[in-house]
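Here's the letter readout for the chains.
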Amino acid sequence: MHLVSIEVSNFRNLKGVFCFEQGLNIIFGENGQGKTNCIEAIYFLATTRSFRTTNLSEMIAFGENFLSVSGKVVVSKEIQKEIEVRLEGKRKSFLVNGKKVKVNEYLENLDAVIFNANELEIVRGSPEARRNFLDSGITAIYPAYLRTLLDYNRCLKQKNALLEEAQKHDTAFDKVATMIEPWNEQIVSLASRIHKLRVRYVERLSKALQNQFFNNEFIKIRYVSSLEGKGDLSNYSSTLRERLSLRLGAEIAAGHSLVGVHRDDLEITVNDRDLKKFGSSGQQRSALLLLLIAKIEVYRQQNGYYPLFLIDDIDSELDYERISKLLELLEGKTQTFVTTSKTSFLDKFASKGKIITLKRGEVFSQSLTK
Amino acid sequence: MLEYSEPIAKLIDEFKKLPGIGQKNAQRLVFFILRKSKEDVESLAKSLLEVKEKIKICSVCNNLTDIDPCFYCTSPDRDRSVICIVEEPYNLVAIEKTRSYKGLYHILHGALSPIRRIKPDDLKLSNLFPRLKPENNQMITVKEIIIATNPTTEGEATAHYIANLIKPLGIRVTRIATGMPVGSDLEFVDEVTMDKALANRHEI
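Here is what the cut-offs are and how they apply
- Residues numbered from 1 in each chain as written.
- Chains lettered and ligands numbered in written order.
- Predicted model: local features only at pLDDT ≥ 70, side-chain atom pairs only at ≥ 80, totals over all residues.
- Heavy atoms only, no water.
- Axes fitted to C-alpha atoms, helices over the stretch in contact; angles between N-to-C directions.
- Helix = DSSP H or I, 4+ residues; strand = E, 2+ residues; numbered from the N terminus.
- Parallel < 35°, antiparallel > 145°, perpendicular 65-115°, else oblique.
- Left-handed = near helix turned anticlockwise from the far one by under 90°.
- Contact = heavy atoms within 4.5 Å.
- Nonpolar A, V, L, I, M, F, W, Y, C, P; charged D, E, K, R; others polar.
- 1 Å grid on protein atoms, 1.4 Å probe; cavity = no way out; pocket = protein on both sides within 12 Å on 5 of 7 lines; lining within 4 Å.
- Points joined across faces, edges and corners; volume = space filled by probe spheres on them.
- Pairing = 2+ DSSP bridges.
- Buried area = accessible area lost by both parts, 1.4 Å probe.
- Salt bridge = Lys/Arg side-chain N within 4 Å of Asp/Glu carboxyl O.
- Domains from an automatic or database assignment.
- Polar contact = N/O pair within 3.5 Å; in protein donor to acceptor, adjacent residues only side chain to side chain.
- Disulfide = S-S within 2.5 Å.
- Buried < 20%, exposed > 50% of the residue type's maximum accessible area, 1.4 Å probe, protein only.

On to the packing of helix α1 (residues 6-16) of chain B against helix α2 (residues 23-35) of chain B. Residue and element names in this part refer to chain B. Contact pair α1 / α2: the axes reach a minimum separation of 8 Å and the direction vectors enclose 125°. Compared by their axis directions, α1 and α2 come out oblique. Once α1 is placed against α2, the crossing between them reads as right-handed. Of α2, the residues touching α1 (which contributes I8, L11, I12, F15 and K16) are Q23, A26, Q27, L29, V30, I33 and L34. Along the lines of polarity and charge, the residues of the contact of α1 with α2 split into nine nonpolar, two polar and one charged.

Printed below as a string of structure tokens:
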């Protein structure tokens, strides 16, 4: 599975067709020439989302009212597909071989992971970033998980509305309890499922961590339930149920929900010390790379192929030693896209892949394929 | 700026207030009506008024009806020991189409949703409890309540809420099953439905 080319219209400042190599693609250019836009377009084609914004209409070129990105994807020697995603205002539509399809069917064709400065949130930011990292990984190998997650968040929102109201109006405890009960009941069953899948996913990630890779840095991960130390986690649902009823008073006082999988975290340690607090900035980047590589490895075990691997501004995030180890590791596995503005990067890595030079959103020149 | 003369523009605006009707559909409807005979349009207008004047809510089950109590509540052929609870009147129609359910109904006209400020008191639930007494039910004891609210988080919460109120009364409470649509091919079932169907599998 690899992306042969993309064609864009009205996508930020990009113009025309971009052709790619099966292995490494180095997107080179000065600032403001469209390098990040280029991998954003690839990411959008693969996932129908952006890694820069949630307001997708920002991607539509100024003065236009729609955009489209289409791509040629080689699935196997015999099968080639043309896929296209269009955005009109806020509405997306999806085509495979010229025929409109539903989003789930569209997403079966391509997938991508991104490494950029934002993703460093996973190793140094809030627990939310780590939960999202796990949830996106699980959804990619087990699509039905998304529904569970959405339902859980919906129940939480409903419950929070009740708690907020109860706090404001000082509603009698028993009355609140009966109103909350039907939502807690669902929260218990949905949270148990989320907990089980996240624990299982972390085990799989753990096994796929290629720890020998960056020397002297031994990364370990562990799923940390917010119920840890509060009861028997092997019987998660009854522990959660108990905890929910025990903490209801506190939840009313706070005016929002305090118990559940939305308070869980992924613990990441480097040489047995907390990475977020004690890891150097270099160790944090190595750890993030190891986690992403584990993620695509688990993805491959499930789906049979690797997602596209995108790295924005590669040399500002990683030193050359880490880059060359990373590229060595990805070689022969993923189709990789990196952006750089440094000629010294080209001097060192030009032989490893195809160089695509961008100027004002267009391909200015490209190296011959190997 | 007005592209249409005023009566047309006004009717387009009225149609646009209906659910699922946008500008284009509203225009189509207006031009359809303009092509119709005066009698046809009068009959449509009359039906619109009639439905508003004649239809009321059944005082027993909350169904929409022109007689009170409604057809289902008064029919001698219905099994009065079972009551099926649904969210909306059209859910009742869906169940009736099976022709296999012979019990009574109770319509809530909504589902619990704190974010939309729909609380238990906003559901038509209070008139369910008198119905559970034999003296109000032609001396027949209600043995089972089937909760057929939608399989959404709101529908599930409503089901739990009602079940919690009824169970202490010693009446059997059941929830309709979720899973595979009959007559469909496995490959066309979405993964969430498939997942539920697998979880709720049974021995044969």
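As a further point, take the packing of helix α6 (residues 173-208) of chain A against helix α10 (residues 281-303) of chain A. All names here are of chain A. Two elements in contact, α6 and α10, have axes separated by 8 Å at closest approach and are oriented at 110°. By the criterion of interaxial angle, the relationship of α6 to α10 is roughly perpendicular. Across from Y201, R204, L205 and A208 in α6, the residues of α10 making contact are L291, A294, K295, E297, V298, Q301 and Q302. Residue classes in the contact of α6 with α10 are distributed as six nonpolar, two polar and three charged.

The next subject is empty space enclosed by the protein. With the rule as written, the count across this model stands at one cavity of 30 Å³ or more. What lines the largest cavity is simply L162, M179, P182 and W183 of chain A together with L112, P114, I118, K119, P120 and Y161 of chain B. Looking at the lining of the largest cavity element by element, the count peaks at three residues for α6 of chain A. Grouping the constituent residues of the lining of the largest cavity by class yields nine nonpolar, no polar and one charged.

Residues and elements named next belong to chain A. Across the sheet, six strands lie side by side as β2-β1-β4-β5-β6-β7; this open sheet has antiparallel pairing. Of all the strands in the sheet, the pair left with one neighbour each is β2 (16-19) and β7 (99-101). The sheet shows a mean angle of 25° between the axes of neighbouring strands, direction not considered. Summarising the sheet, strand β1 (residues 2-9) and strand β4 (residues 66-74) pair through seven bridges and their orientation is antiparallel. Its bridge partner lying in β4, S5 is registered against K72. In this fold helix α1 (residues 35-47) packs onto β1, β2, β4, β5 (80-88) and β6 (91-96), with an angle of close to 110° to the strand it touches most, β1.

Attention now moves to the interface of chain B and chain A. Contacts between the two partners involve 18 residues from chain B and, on the opposite side, 21 residues from chain A. Roughly 1,700 Å² is buried in total at the junction of chain B and chain A, and carbon and sulfur atoms are behind 62% of that figure. On the chain B side of the contact with chain A, P114, I115 and T153 of chain B bury the most area, a combined 33% of that side's loss. Taken together, the connections running from chain B to chain A amount to three salt bridges. Measuring nitrogen to oxygen at the nearest pair gives 2.6 Å for the salt bridge that ties E154 of chain B to R154 of chain A.

Residue and element names in this part refer to chain A. Domain boundaries in chain A define domain 1 (1-111 + 307-370) and domain 2 (117-304). For domain 1 versus domain 2, the distance between C-alpha centres works out to 31 Å. At the junction of the two partners, domain 1 supplies 14 residues and domain 2 supplies 19 residues. In total, about 1,500 Å² of surface goes out of reach between domain 1 and domain 2, with carbon and sulfur atoms giving 64% of it. The interface formed by domain 1 and domain 2 contains one salt bridge. Linking R285 and E317 is a salt bridge whose minimum nitrogen-to-oxygen distance equals 2.9 Å. Where domain 1 meets domain 2, there are four residue pairs in polar contact (both at pLDDT 80 or more). Among the elements that take part in the side of domain 1 that touches domain 2, helix α12 (residues 320-330) stands out by supplying five residues, more than any other. When grouped by side-chain class, the residues that make up the side of domain 1 that touches domain 2 number seven nonpolar, two polar and five charged.

This next bit is on the layout of surface pockets. As a volume, the second largest pocket reaches approximately 920 Å³. Along its surface, the second largest pocket is lined by 29 residues, and D151 and L190 of chain A together with E156, T178 and K196 of chain B are the ones closest to its centre. Elements represented by at least two residues in the lining of the second largest pocket include exactly α5 (144-169) and α6 of chain A together with α7 (153-166) and α8 (191-199) of chain B.

Attention shifts here to the state of the cysteines. Scanning the model with the defined rule gives zero disulfides over all chains in all. Cysteine C58 of chain B remains unbridged, with the sulfur of C61 of chain B as its closest cysteine sulfur at 3.8 Å.

Here we come to the domain arrangement of chain B. Examined at the domain level, chain B breaks down into domain 1 (6-54) and domain 2 (78-203). Look at where the C-alpha atoms of domain 1 of chain B and domain 2 of chain B centre, and you get two points 35 Å apart.

Turning our eyes to something else, we now look at the sheet that holds strand β3 (residues 79-86) of chain B. Residue and element names in this part refer to chain B. Across the sheet, four strands lie side by side as β4-β3-β5-β6; this open sheet has parallel pairing. In the strand order of this sheet, the two ends are held by β4 (103-107) and β6 (172-175), each with one partner. The average undirected angle you get between the axes of adjacent strands in this sheet is 25°. The pairing of strand β5 (residues 144-147) with β6 spans four bridges and is parallel. Bridge pairing in β6 places I145 opposite V173.

All names here are of chain A. Examined against the element boundaries, N10 turns out to sit in the loop between β1 and β2. Overall, N10 belongs to the buried group, its relative accessible area being 18%. One polar contact links the side chain of N10 to the main-chain carbonyl oxygen of F66, over a distance of 3.0 Å. In contact with N10, other than residues within four places in its own chain, are M59, I60, A61, E64, F66 and L67.

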